[in-house]
Amino acid sequence: MTILVTGGAGYIGSHIVYELVDRGESVVVLDNLATGFRDAVAPAARLVVGDIGDMALVAKLLAEHQVQAIVHLAASSVVPESVANPLGYYSNNAAGSLALLKAAVQHGVKQFVFSSTAAVYGNPETALVKEDTVPRPMSPYGASKLMTEMMLKDAASASSLTYVVLRYFNVAGADPKLRTGQSTRAATHLIKAAVQAALGARDRLAIFGSDYPTPDGTCVRDYIHISDLVGAHVGALGYLRGGGANVLMNCGYGHGYSVREVVDAVKRVSGVDFAVEMQPRRAGDPAQIVADVQAIRRILSWTPAYDDLETIVRHALAWERKLVARKL
Ligand code: UD1
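Conventions and cut-offs
- Residues numbered from 1 in each chain as written.
- Predicted model: local features only at pLDDT ≥ 70, side-chain atom pairs only at ≥ 80, totals over all residues.
- Heavy atoms only, no water.
- Helix = DSSP H or I, 4+ residues; strand = E, 2+ residues; numbered from the N terminus.
- Rg over C-alpha atoms; globule rule 2.2 N^0.38 Å.
- Buried < 20%, exposed > 50% of the residue type's maximum accessible area, 1.4 Å probe, protein only.
- Contact = heavy atoms within 4.5 Å.
- Areas by Shrake-Rupley, 256 points an atom, 1.4 Å probe, with all protein chains shown as cover.
- Lys, Arg positive; Asp, Glu negative; His and termini not counted.
- Charge placed at Lys NZ, Arg CZ, Asp CG, Glu CD.
- Core = buried A, V, L, I, M, F, W, Y, C linked by side-chain atoms within 4.5 Å.
- Domains from an automatic or database assignment.
- Buried area = accessible area lost by both parts, 1.4 Å probe.
- Pairing = 2+ DSSP bridges.
- Axes fitted to C-alpha atoms, helices over the stretch in contact; angles between N-to-C directions.

Q: Before we move on, could you go through the overall build of the protein chain and cite the residues and values that matter?
A: Of the regular secondary structure elements, the protein chain holds ten helices and 14 strands. For 328 residues, the compact-globule formula gives about 20 Å, and the C-alpha radius of gyration of the protein chain, at 19 Å, lands near that figure. With respect to the three principal axes, the spread of C-alpha positions in the protein chain is 55 × 45 × 40 Å. Out of the 328 residues belonging to the protein chain, those deemed buried represent 55%. The long-range share in the protein chain, meaning contacts at least 24 apart out of those at least 6 apart in sequence, stands at 78%. As displayed, the protein chain offers around 13600 Å² of accessible surface, 52% of which is attributable to carbon and sulfur atoms. Across the protein chain, 31 positive and 30 negative side-chain charges occur, with their mean positions spaced 4 Å apart.

Below is the structure:
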């Protein structure tokens, strides 16, 4: 009953792996370490270094470990980078997922949880975006994830594979026990960048665009604590194992904060008034995107435990302090 976690050495994947092994699950991680870290993988899990696009390797892994379930996170995930390198994103995210899915169907994998993104929606017209909103990705990143959703849906219709797609909103924070966190030095995430500025690891924080049609002119996002996102994955696996039908759900809190509000929260929590510089808009950024979360609350009975911006920032800051102490 092994679970394969692709991208399990990355920021989100490493948190999921810790939770699964804590629950007594047998876990194999497949990660090419392009952005992941070997030491982020929980010691009780087995790490295999390789690509999801390497079908022979994946087929071998699935057979050797009798994999029943896959949690698929391995992907490139930086919106502006995807605008600059679209084919790299289609290759890693869409073609890589195609190969993984082929191997999964051939092997008879039963459950598949896919890490998708709010970026599939583009710039929605409603305050809260529901899962049945017509997707209009604004970036190759969003498009590459939408393509994978489509492949997964069709593959499941033609096989015994069952799936949950989780469309993540803006994931932030760190494991409250600080076993893992966001370790990418040059990460582009707002909260990560802001806590780095607070600790002096960056000399200033850039705010990309202050002329958006939002209350304070900066972009609005729905920030979700990593531990609550992990809870959604555990819930999704339990749901599928219990015979749940294929489903696609948003993963956020249902309320948003502007970039300025996040910056203020980081200044408040850290007690550091770091320098902030206004810059032009960043390519591929929607003005506002906030999740409608009725579906996940109903279907998985999912109840967040960390729905508080200051808690998210406090945990991100604590992890960053740990990295600074380790000089990473
Ligand atoms: C993030 C995710 C993406 C997900 C999306 C869903 C990352 C790297 N990407 O993208 O996978 O699909 O949420 O909504 O986590 N900003 C600044 N200054 C900075 C950094 C960011 O002003 O130094 C602004 C951005 O312009 C944006 C907001 O902060 O308006 C959030 O940016 P970011 O944390 O990079 O996440 P998204 O691009 O929203």
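Q: Run through the environment of Arg241, naming residues and quoting values.
A: Residue position: Arg241 is located in helix H7 (residues 226-241). Residues Arg241 and Leu87, spaced 154 residues apart in sequence, show a C-alpha to C-alpha distance of 35 Å. The residues touching Arg241, leaving out its near neighbours within four places in the chain, are Met1, Ile3, Glu25 and Gln111.

Q: Before we move on, could you go through the nonpolar core and cite the residues and values that matter?
A: Counting residues in each nonpolar core, the largest one holds 75 residues, and the members touching the most others are Ile12, Leu166, Ile191 and Ile296. The biggest single contributor to this core is H7, with nine residues. In terms of domain composition, this core takes at least three residues from each of domain 1 (2-172 + 223-251) and domain 2 (190-221 + 254-327). If we ignore the near neighbours within four places in the chain, the residues touching Ile191 are Ala172, Tyr223, Val262, Leu309, Ile312 and Ala316. In terms of nonpolar packing, the next biggest core, distinct from the first, is built from 24 residues, Ile52, Leu62, Ala74 and Ala156 among them.

Q: I'd like a description of the domain arrangement of the protein chain, backed by residues and values.
A: Here the protein chain is described as being made up of domain 1 (2-172 + 223-251) and domain 2 (190-221 + 254-327). Each of domain 1 and domain 2 has a C-alpha centre, and these two points are 23 Å apart. Tallying the contact residues gives 33 residues for domain 1 and 30 residues for domain 2. For the pair domain 1 and domain 2, the two sides together bury roughly 2600 Å², of which 67% comes from carbon and sulfur. On the domain 1 side of the contact with domain 2, Tyr223, His225 and Asp228 bury the most area, a combined 28% of that side's loss.

Q: Describe the sheet that holds strand S6 (residues 162-168), naming the residues involved and giving the relevant values.
A: Spatial ordering of the open sheet is given by S3-S2-S1-S4-S5-S6-S11, a layout of seven strands whose pairing is parallel. The sheet terminates laterally at strand S3 (46-49) and strand S11 (247-251), the two strands that pair on one side only. Looking at each pair of strands side by side, their axes are set apart by 20 degrees on average, direction ignored. With four bridges connecting them, strand S2 (residues 27-31) and S3 associate as parallel partners. The residue of S3 that forms the bridge with Val29 is Leu47.

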